[in-house]
Structures are given as structure tokens and as C-alpha cells.
Amino acid sequence: MKQKVAIVGGGPSALMLAATLDFSKFEVSVYEQNKTLGRKFLVAGDGGFNLTHGSDIELMKQQYHPSGFLDKTLETFSNQDLRNWLRSLGIETFVGSSNRVYPIKGIKPIQVLNAILQKLEENKVKICTQMQWNGWKGNNDLLFNETEVVKADIVIFALGGSSWSVTGSRGTWLPYFQKKGIATLPFQASNCAFKVDWQSEFIDKYNGFPLKNISLTLGNHSVKGELVVTKFGLEGNAIYALSRVIQNELKQHGQATVYLDLKPMFELEQIIEKLKQVKSKNTSEALKMGLNFSPMQIQLIKQSISKEDYVEIDKLAERIKSLPISLLYAAPIDEAISTTGGIAIEEVDENFQLKALPNHYIIGEMLDWDAPTGGYLLQACMSMGVVLGKRLNEIIH
Ligand SMILES: Cc1cc2nc3c(=O)[nH]c(=O)nc-3n(C[C@H](O)[C@H](O)[C@H](O)COP(=O)(O)OP(=O)(O)OC[C@H]3O[C@@H](n4cnc5c(N)ncnc54)[C@H](O)[C@@H]3O)c2cc1C
């Protein structure tokens, strides 16, 4: 007799699991509360659709927190494995700028999703939509839509995090696990914007302006990338990647100061030299001519330094390399690209099985791990799905 598998949630981690399970051994059903599957996956596709990241797997593993938690998972189903698998479905990908991996031009996010769903159809996976999970009933049976009871031999939860609630990822499942005595952590915004109290003359003029090829530092953590100056504060991949450490700093000190390096490609001495070489006595002109700074960058420097220091080349160069920006709080959680919190990782074993509830597994953003956006999130979710699928194929005869 085939084992009955219930996958609860219909995001990328769930879909990859369903695509991997051996349908000669399992009767697989996916239960999703929305009318359709993969809504957040499609939202991810609306911007730059980074399916994974093209870096070496060793470097890739270093992007995840807590370190080590996903190493084996990423080794077993790596970024290259994901690209090969997508190719087998007819979805070609390419490595773009900053090593991010996208579907090739002309392939829309919905086509990627449909190709995966086609694979599920071939695997005879039953899709049950408009089925909202409301906890357990009786002897660990699953309760849907308050009245429907589903019995399964193996249950996998893949209910996502708690941002972009319009996609269905609302985190309303948290209390059901708490009631079972399973340790959870409050959700927290990650890969999100942070509030900066800009001077109004500055932001009125420069709202939406980018800061490219910069680096951002907080404590021992430095990230190269870009930022966008907005009315709310700062957004962009450099600050997203520091979300976790910024959130920790905010929790401890009520504010966080990040240091912006406007010219990470030059050492301090090189900047001093370049400024000295410019003949102009006007500092703003020297910044433009010697270092190619835009009016926005010049204004940003000006407002962070005294008039006296602005005309002192050494002090000015120091500020260019390390410009403090005070962050006050994170953007609302619903606007975050991802969330941390959810099920504590100590609650699952190396196969993502709940230690307190045998035959129940947790995968994807439901678990309390973190990574920068840019392909790392989807890769981890999809790797977890595939690795668990392979494991279940092995252990069930
Ligand atoms: C704007 C945006 C851009 C992004 N861009 C990228 C990117 O370029 N690259 C990248 O790697 N990542 C990106 N991400 C992140 C990525 O989309 C998520 O990390 C990923 O979708 C998480 O997958 P998941 O399977 O864990 O959960 P989700 O995709 O969140 O899916 C969970 C599913 O469970 C369902 N569900 C929840 N509760 C219940 C319930 N009680 N009963 C039944 N069903 C339920 C939900 O409706 C949802 O369909 C982006 C996210 C956003 C918001």
C-alpha cells in the first residue's frame, strides 16, 4: 500500500518536494489555502527573478545563518543541480550581474511555475486548493477549513514565513505549533528597508536615487552592493544583506549606525591622492572631478561632516570611506522580502523532521534561518524540498 503524504502549503519548497517524491511509493496531496499555488514565487518573479545564485557552493554556504544548518542540504541539491533540473523541464537559466541566476530572456515567472506544476501532474500529485490548515484534531489528524479532517502517514509543513500576506504567507500557523509545545520564535523582517531620518531638503530632491558600487559596514559585517535612498530610508541589496545584524543592533541599542564606503574600490590614500591632484579650490567640484561623485553623493557627504572638515582633504577622505548613517527601525514586516523566526531549528532533526512529532516535517521559510535575497532564499527552500523528498524515497520501501 502506498504511503499517504500530505504537504501543507503550496510554495516553492512544497512544490519541489512533491516533484521529487517517488509516486510509486507515495500518494501525494498538496493542500494550499489560496486558489492557486506559488503566489509568493510569482511575486519574487515580478522583480529581478533570482532563482539561485551562481557562486561556488562553498561561498554560497557562507551566506546562510545559522552557519552549517543548511550545508548538507545545499551540497545534496546545489545551485548547479537546481539549474540542471530546471533545464530538464525546459527552463534555461543564465548567470547575470552579481552572479544572480535568472530564467533566460523570454521565460516569464508563470512559465517557470507552470513547468514545475506540469512535473507534479506527471507525478500524479493531487492538488487541493482553498484548503486552509487550522491545526490538529484528535490523534494528530489535520484539520482544514475548520471542519475537514485529513489523515496522512507523513505530513510536511511548508507554510512559508510572515511577509507579503497578500500571497498567503501570514504566519497564522504559529500558535498551533506553540500549543504542541514546539519552540517558536517571533517573526522578524529580514531583507527589508530601514528608517533613516533624512534632512527634508535632501530627501525631497533625491528620493529614489541609487548609490551604486558602495559597501556598507556594521561591526565585523561588510557588504558590497548598492542602495536606494528613499523617503522611508534606505533599501537595496547591501542593506538587505545586513538585516539580521541591524535588527540585533536595534534590539540591543534602539538604533543602529551603519558606515557607508562610497568608494570601496579605492584605499584611503588613493582618495586623498585623487583629491590632491584636482586643481580646483572648490571641494564640491573636486569631489565631482576627482572622484566622479554625483550631486546627491556630494550632498550626502556634506550633511554628514562639519564645514571645517569638508575642506580638509584628509578628513573628507575619511568620511568618504566611512560615512555614518543612523538607522531607527525596520520597515513593516509585511513589506519584507523574507522573515526570520517561526519554528526553532533545534526542533527538527537533520531530515527536517519534528523531534517532538515523528512523521511530521518542516521545510522552507517556516524555519528560523536567514539569508540575503538574490537567489539564496529560493535555493534553500527548493533544496530543502528536494533533499527531504530524496530522503523519504530512501527510507520508505
Ligand atoms: C517581493 C519578493 C521578492 C522576492 N524575490 C526573491 C528572489 O528574487 N530570489 C529569492 O531567492 N527569493 C526571493 N523572495 C523570497 C522567496 O519568494 C521566499 O523565500 C519563498 O517563496 C519561500 O518559499 P516557501 O515555500 O517556504 O513559502 P511560501 O512561498 O511563502 O509559500 C507558503 C504557502 O503556504 C500557504 N499557506 C500558509 N498558511 C497556510 C495554511 N494555514 N493553510 C494552507 N496553506 C497555507 C501560503 O498561502 C503559501 O502559498 C522574494 C520574496 C518577496 C516577497
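Residues numbered from 1 in each chain as written. Predicted model: local features only at pLDDT ≥ 70, side-chain atom pairs only at ≥ 80, totals over all residues.

S.K.: With reference to specific residues and values, describe the overall build of the protein.
M.R.: Helices and strands together make up the secondary structure of the protein, namely 16 helices and 19 strands. For the protein, the proportion of its 397 residues judged to be buried stands at 42%. For the protein, long-range pairs separated by at least 24 residues make up 69% of all intrachain contacts whose partners lie at least 6 apart in sequence. (Helix = DSSP H or I, 4+ residues; strand = E, 2+ residues; numbered from the N terminus. Buried ≥ 20, exposed ≤ 12 C-beta atoms within 10 Å, placed from the backbone. Contact = placed C-beta atoms within 7 Å.)

S.K.: Give a detailed account of the domain arrangement of the protein, specifying residues and quantitative values.
M.R.: Entries for the protein in the domain assignment read domain 1 (3-189 + 338-395) and domain 2 (194-327). One C-alpha centre belongs to domain 1, the other to domain 2, and the line joining them spans 38 Å. (Domains from an automatic or database assignment.)

S.K.: Outline the site of the ligand, listing residues and values.
M.R.: Gly-9, Gly-11, Gly-160, Gly-168 and Gly-364 are the nearest of the 41 residues found near the ligand. Of the residues belonging to the shell around the ligand, the class tally is 18 nonpolar, 19 polar and 4 charged. (Near = placed C-beta within 6 Å. Nonpolar A, V, L, I, M, F, W, Y, C, P; charged D, E, K, R; others polar.)

S.K.: Help me get a handle on the pairing of strand 1 (residues 3-8), residues and values and all.
M.R.: The side chains of a regular strand alternate, residue by residue, between the two faces of the sheet. Pairing of strand 1 with strand 2 (residues 26-31) involves 6 bridges; the strand directions are parallel. Within strand 2, the position partnered with Lys-4 by the bridge is Glu-27. Crossover connection from strand 1 via helix 1 (residues 12-20) to parallel strand 2: handedness right-handed. Where strand 1 and strand 10 (residues 154-157) come together, 4 bridges link them in parallel fashion. (Pairing = 2+ DSSP bridges. Right-handed = clockwise from strand over helix to strand, strands pointing away.)

S.K.: Break down the nonpolar core for me, with residues and values.
M.R.: Grouped together as the largest cluster of nonpolar side chains are 68 residues, with contacts concentrated most on Ile-7, Val-8, Leu-17, Ala-18, Ile-156 and Ala-158. If you tally residues by element for this core, the top one is helix 16 (residues 376-395), at 11 residues. The residues touching Ala-158, leaving out its near neighbours within four places in the chain, are Ile-7, Val-8, Gly-9, Gly-11, Ser-13, Ala-14, Leu-17, Ile-363, Gly-364 and Met-366. By size, the runner-up hydrophobic cluster in this structure holds 38 residues, among which are Ile-239, Ile-301, Leu-327 and Ile-333. (Core = buried A, V, L, I, M, F, W, Y, C linked by C-beta atoms within 7 Å.)

S.K.: Before we move on, can you summarise the sheet that holds strand 15 (residues 233-235) with the specific residues and values?
M.R.: An order of 12-15-14-13-16-17 is seen for the 6 strands of this open sheet, with the pairing classed as antiparallel. With one partner strand each, in any of the chains shown, strand 12 (194-195) and strand 17 (323-327) form the two edges of the open sheet.

S.K.: So what about unusual backbone geometry? Which residues, and what values?
M.R.: Going from His-65 to Pro-66, the amide bond is cis rather than trans, its omega being 0 degrees. Examined against the element boundaries, Pro-66 turns out to sit in the loop between helix 3 (57-61) and helix 4 (71-76). A positive phi angle is found at Asn-99, which is not glycine, with a value near 70 degrees. With respect to the secondary-structure elements, Asn-99 resides in the loop between strand 4 (93-95) and strand 5 (100-103). Taking the C-beta count within 10 Å as the criterion, Asn-99 has 17 such neighbours and is therefore assigned partly exposed. Even without a glycine there, the phi angle at Asn-140 is positive, about 60 degrees. On the basis of neighbour count, Asn-140 is assigned to the partly exposed category, with 14 C-beta atoms found within 10 Å.

S.K.: How would you summarise helix 2 (residues 39-46) if you had to cite specific residues and measurements?
M.R.: Looking only at helix 2, the buried set comprises Arg-39, Lys-40, Phe-41, Ala-44 and Gly-45. On its buried side, helix 2 packs onto helix 1, helix 6 (109-122) and helix 16.

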